[in-house]
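Examination of the molecular architecture
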Amino acid sequence: VTELVLKKNGLVGTLPSELTSLTQLEILNLSDNNITGSIPVTMNQMTALMEFKIERNALAGSIPRLDRLTKLKILYLDENNFSGSIPTEMGGIINLEALGLYQNQLTGQIPYQLSQLTLLKTFYLDSNKLSGTFPVDFFVDFQQMIDFRARSNDLTGTIPSYINCMTELQILYLDNCDLSGPIPTEIGDLAYLNELHLHQNSLSGTLPTQIGLLSNMNILYLDNNQFRRQIPTEIGYLTQLKDLLLHRNEFSGSIPNELGSLGPSLTELQMNANRLKGTIPEELGLLTGLRVLRLDDNKLYGTVPDDLGSMTAMNVLRLFGNELTGNVPDSVCDLVSYQDLTELMVDCTLSCDCCTSCI
């Protein structure tokens, strides 16, 4: 037997140790069942294995040594109840291309030995209880990495500058940790990056202008941090963006006119709960695909631009908590009457006959 696929079969009970006597097995897929207990320590003798998938079960205990499985390319242990630290010996599975450990109860630091897995393309560590900083030079040899996720852990320290060694990286999730310090300028070297999730950390400083070099970016989540000063105008170069979340930071200065260059692909723009001043740029009216625009809780003044009425796809527009004056233009009210704008919230000091509520 070289292949055993029993996914989504309603299997219950524990893994029999006899299973590991199938030493010619190359593919073992037991995902999406209700298997309990632990992985037998004798699993390490199944040296012909190339794929081992047992995600979405109810396995517990520690992850055993699997370093003799040197032919293994795919290892998915996600969404179980594994506890303890990640075995340092896992760095010996040298041909591994995909490693999934997310949504378990793993603790301790990320072993530096995992940096020996130089063929990894996808690496999921998210939603555990991992702590500490990234090991020194951890990302340097991940030159084939496409998708790296370590979100929702207790990781601390800074984002290392050598993150730019992952030259093929497309997706990076480091959100909901306790990372601090600035975003390194080297982030601009990740030419293929299309998703960057850094929200809900303690990141600070100014956004590097090099972020404007990420021309393939679709998703940029930087909210709920401590970024300050001006939003870089170079963000306007990211014309493939769909979601741009900058809310709940300490950005100051004016809203860059260049954001209007993001074009019709942008569907969500949130800059609320900052310290932004100045007027609302009329160029934002060029964002005709926008569904959500939140500018609330800043220090904006002046009038609501008539150009915002060009956003015919808008569902949510929140402008309250500012120092805006005058009337809400008829063009914006038409979005309520004739389009899909279902939530238009402004300060009660503004004159508005169409607003769904005023604050």
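Below is a short write-up of the structure. Since this is a predicted model, take the numbers as computed values, not measurements.

Notes on the sheet that holds strand E6 (residues 60-61)
Strand order in the open sheet made by the five strands is E6-E8-E10-E12-E14, with parallel pairing throughout. With partners counted over all chains shown, the strands left at the sheet margins are E6 and strand E14 (154-155), one partner each. Sheet topology places strand E8 (residues 81-84) next to strand E10 (residues 105-108); two bridges connect them, and they run parallel. If you follow Ser83 over to E10, its bridge partner there is Gln105.

A word on the pairing of strand E29 (residues 343-346)
Both strand E27 (residues 316-318) and E29 contribute to a ladder of three bridges, which runs parallel. Considered in E29, the bridge of Leu317 is made with Leu344.

Side note on the side chain of Asn57
By secondary structure assignment, the location of Asn57 is in the loop between strand E5 (51-53) and E6. In terms of polar contacts, Asn57 uses its side chain to reach the backbone carbonyl oxygen of Ile54, at 3.1 Å.

Things to note about the state of the cysteines
A complete count under the given rule lists three disulfides for this structure. Between the sulfur of Cys333 and that of Cys354 lies a disulfide, 2.0 Å long from S to S. Taking the sign of the S-S torsion, about -70 degrees here, the bridge from Cys333 to Cys354 comes out left-handed. Taken together, the residues Cys333 in helix H1 (residues 330-338) and Cys354 in the loop between E29 and strand E30 (357-358) connect sequence positions 21 residues apart. On the basis of relative accessible area, Cys354 is assigned to the buried category, the value being 14%. One disulfide bridge connects Cys348 with Cys358, the sulfur atoms lying 2.1 Å from each other. As the torsion about the S-S bond is roughly 85 degrees, the Cys348-Cys358 disulfide counts as right-handed. Pair noted here: Cys348 is in the loop between E29 and E30 and Cys358 is in strand E30, with a separation of ten residues, a long-range link.

What to know about the environment of Ile171
As for its placement among the helices and strands, Ile171 is situated in strand E15 (residues 171-173). Residue classification places Ile171 among the buried residues on the basis of a relative accessible area of 15%. Leave out the neighbours within four places in its chain, and Ile171 touches Ile146, Asp147, Phe148, Arg149, Leu193, Asn194 and Glu195.

A short note on the pairing of strand E22 (residues 250-254)
As paired elements, strand E20 (residues 226-229) and E22 share two bridges and run parallel to each other. When the sheet's bridge partners are listed, Arg228 is paired in E22 with Glu250. Sheet topology places E22 next to strand E24 (residues 275-278); three bridges connect them, and they run parallel. Its bridge partner lying in E24, Ser254 is registered against Lys277.

A short note on the packing of aromatic side chains
All told, the structure shown has twelve aromatic pairs when counted by the stated rule. Ring centres 6.2 Å apart and planes at 90 degrees place the aromatic pair Phe123 and Phe142 in the edge-to-face group. Taken together, the residues span a long stretch of sequence, with Phe123 in strand E11 (residues 122-124) and Phe142 in the loop between strand E12 (129-132) and strand E13 (147-149) at a distance of 19 residues. Taken individually, Phe123 and Phe142 each receive the classification buried, so the pair is uniform in this respect. Three or more aromatic residues link up through ring pairs in this structure, and these residues are Phe123, Phe134, Phe138, Phe139, Phe142 and Phe148.

Some words on the environment of Leu213
The residue Leu213 is located in the loop between strand E18 (202-205) and strand E19 (219-221) in this model. Along the primary structure Leu213 and Asp334 are separated by 121 residues, whereas in three dimensions their C-alpha atoms are 37 Å apart.

Some points on the sheet that holds strand E16 (residues 180-181)
The strand order across the open sheet built from seven strands is E16-E18-E20-E22-E24-E26-E28, with neighbouring strands paired in parallel fashion. This sheet does not close on itself; its edge strands, each paired only once, are E16 and strand E28 (323-324). Two elements, E16 and E18, share two bridges in a ladder whose sense is parallel. When the bridges of E18 are listed, Gly181 appears paired with Leu203.

Let's talk about a negative patch on the surface
Taken together, the side chains of Glu282, Asp306, Asp307, Asp330, Asp334 and Asp353 present a region of like negative charge at the surface. One can find Asp307 in the loop between strand E26 (299-302) and E27.

Structural notes on the nonpolar core
Side chains of nonpolar character tend, in soluble globular proteins, to be buried together. Residues Phe52, Leu75, Phe123, Phe148 and Leu244 are the most contacted members of the largest nonpolar core, which totals 102 residues. Of all elements in the fold, only H1 and E29 reach the threshold of two or more residues within this core. Broken down by element, this core gets its largest block of residues, three residues, from H1.

Reading the values: rules and limits
- Residues numbered from 1 in each chain as written.
- Predicted model: local features only at pLDDT ≥ 70, side-chain atom pairs only at ≥ 80, totals over all residues.
- Heavy atoms only, no water.
- Pairing = 2+ DSSP bridges.
- Helix = DSSP H or I, 4+ residues; strand = E, 2+ residues; numbered from the N terminus.
- Polar contact = N/O pair within 3.5 Å; in protein donor to acceptor, adjacent residues only side chain to side chain.
- Disulfide = S-S within 2.5 Å.
- Buried < 20%, exposed > 50% of the residue type's maximum accessible area, 1.4 Å probe, protein only.
- Contact = heavy atoms within 4.5 Å.
- Phe/Tyr/Trp six-rings, centres within 6.5 Å; stacked < 30°, edge-to-face > 60°.
- Patch = residues over 30% accessible without salt bridge, like charges linked within 9 Å, V, L, I, M, F, W, Y side chains within 5 Å.
- Areas by Shrake-Rupley, 256 points an atom, 1.4 Å probe, with all protein chains shown as cover.
- Salt bridge = Lys/Arg side-chain N within 4 Å of Asp/Glu carboxyl O.
- Lys, Arg positive; Asp, Glu negative; His and termini not counted.
- Charge placed at Lys NZ, Arg CZ, Asp CG, Glu CD.
- Core = buried A, V, L, I, M, F, W, Y, C linked by side-chain atoms within 4.5 Å.

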